[in-house]
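Report on the structure
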Amino acid sequence: MGPEHLDIAEMTKGLITVKSKQELACMREAGRIVALTFAELGKVIKPGVTTGELNRLAEEFILARGGRPAFKGLYGFPASICTSVNEEVVHGIPGLRKLNNGDIISIDIGVEINGYYGDGAVTFPVGTITEEARRLLKVTEEALYAGIAKARPGCRLSDISNAIQVYVESRGYSVVRDYVGHGIGRNMHEEPQVPNFGRPGRGPRLRAGMTLAIEPMINMGTHEVRVCADNWTVVTRDAGLSAHFEHTVAITDAEPEILTRL
Ligand code: MG
């Protein structure tokens, strides 16, 4: 059977794309808009602000820079960013909810520009948060960097996963299993899946030019989650706090390049 009989989606399934220099330049631009949008949101996150206001600000900011808010309409998602407060893990829908002093809010932003994607997440404190919550945020961000440190040639995919899990569990928290990171490039979600848990030394060998969205979602209590009645918002089963940090990272022959950081 000649290639004309093969289904392209089937052929590319399981393949990890390696990006050219020019493609990486495009992804750098997408990542930069993600990072700039987070900086902009960071200035306005405070008690009294609604998640809908954050969504509108982010959308306008991304469009003004020539980008497209990539989550809008993706699988039918109804907004430009995801806003997940306190026990909400991911995929919270922005709306009329007002942020309160002591809340934490996880914001996930995707941007497409010139056909390439960037994806990042940050959990922000709202006003003054408890010492417990502050530690969860710190450990989750550090876990992301522990994972990124393994995003280099010579490592295998699950070395990233394992580094995150070990870091998090040694500090008494749990890793969400049901949602994972992913390859990214010409699509928001590409192969491979990047779990935040697992034994090291497994999965594909990492190569320069691969681009991954690494995104630990870390819970204070149980790792178990459930989806709410809106069919989007994911919450912890025990209603404990959850944090989420994400960067889009390019594997290089030297240090990993973080594309969603200024
Ligand atoms: Mg992602």
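Our subject is the structure that appears above.
Note that the structure is predicted; figures quoted are calculated from it, not measured. (Residues numbered from 1 in each chain as written. Predicted model: local features only at pLDDT ≥ 70, side-chain atom pairs only at ≥ 80, totals over all residues. Heavy atoms only, no water.)

1. Points about the pairing of strand S8 (residues 190-194)
Looking along a regular strand, one sees the side chains alternate between the two faces of the sheet. Quick reminder of the rule: Two strands pair under a simple rule: DSSP has to find at least two bridges between them. Each helix corresponds to a stretch of at least 4 residues labelled H or I by DSSP, and each strand to a stretch of at least 2 residues labelled E; elements are numbered beginning at the N terminus.
Note that strand S7 (residues 181-183) and S8 share three bridges and pair antiparallel. Residue histidine 182 lies in a different strand from S8, and its bridge partner there is glutamine 193. Linking S7 to S8, which pair antiparallel, is a turn of six residues.

2. Re the packing of aromatic side chains
In this description, an aromatic ring pair is defined by two values, namely the gap between the centres and the angle between the planes. Under the convention used in this document: Aromatic contacts are taken between Phe, Tyr and Trp rings whose centres are within 6.5 Å, Trp giving its six-membered ring; a plane angle under 30 degrees counts as stacked, one over 60 as edge-to-face, and the others as tilted. Burial classification: accessible surface area is computed with a 1.4 Å probe over protein chains only, and a residue below 20% of its type maximum counts as buried, one above 50% as exposed, and the rest as partly exposed. Counted as over-ring charges are cases with an Arg CZ or a Lys NZ within 6 Å of the ring centre that also lie within 35 degrees of the ring normal.
Counted according to the given criterion, the structure contains two aromatic pairs. Both rings, one in phenylalanine 38 and one in phenylalanine 124, keep their centres 6.3 Å apart while their planes meet at 40°; by these two values the pair is tilted. Of this pair, phenylalanine 38 sits in helix H2 (residues 21-44) while phenylalanine 124 sits in strand S5 (residues 116-125), and the two are 86 residues apart along the sequence. The class of phenylalanine 124 is buried, set by a relative accessible area of 13%. Ring geometry for phenylalanine 77 and tryptophan 232: centres 5.0 Å apart, planes at 85°, overall edge-to-face. In this pair, phenylalanine 77 is assigned in the loop between strand S1 (68-69) and strand S2 (81-85) and tryptophan 232 in the loop between strand S11 (225-227) and strand S12 (234-236), connecting sequence segments 155 residues apart. Positioned over the ring face of phenylalanine 61 is arginine 65, at 3.7 Å from the centre of the ring. Across from the ring centre of tyrosine 167, 3.7 Å away, lies the NZ or CZ of arginine 171, which sits over that ring.

3. What about the sheet that holds strand S3 (residues 88-90)?
Test applied: In this analysis an axis means a line fitted to C-alpha atoms, helices contributing only their contacting stretch, and an angle means the value between N-to-C directions, from 0 to 180 degrees.
One open sheet holds the three strands; their spatial order is S3-S12-S11, and the pairing between them is antiparallel. With partners counted over all chains shown, the strands left at the sheet margins are S3 and S11, one partner each. Each strand axis lies, on average, 40° off the axis of its neighbour in the sheet, ignoring direction. As paired elements, S11 and S12 share three bridges and run antiparallel to each other. By the bridge assignment for S12, valine 225 is matched with threonine 236.

Limitation: the analysis is restricted to geometry and does not speak to function.
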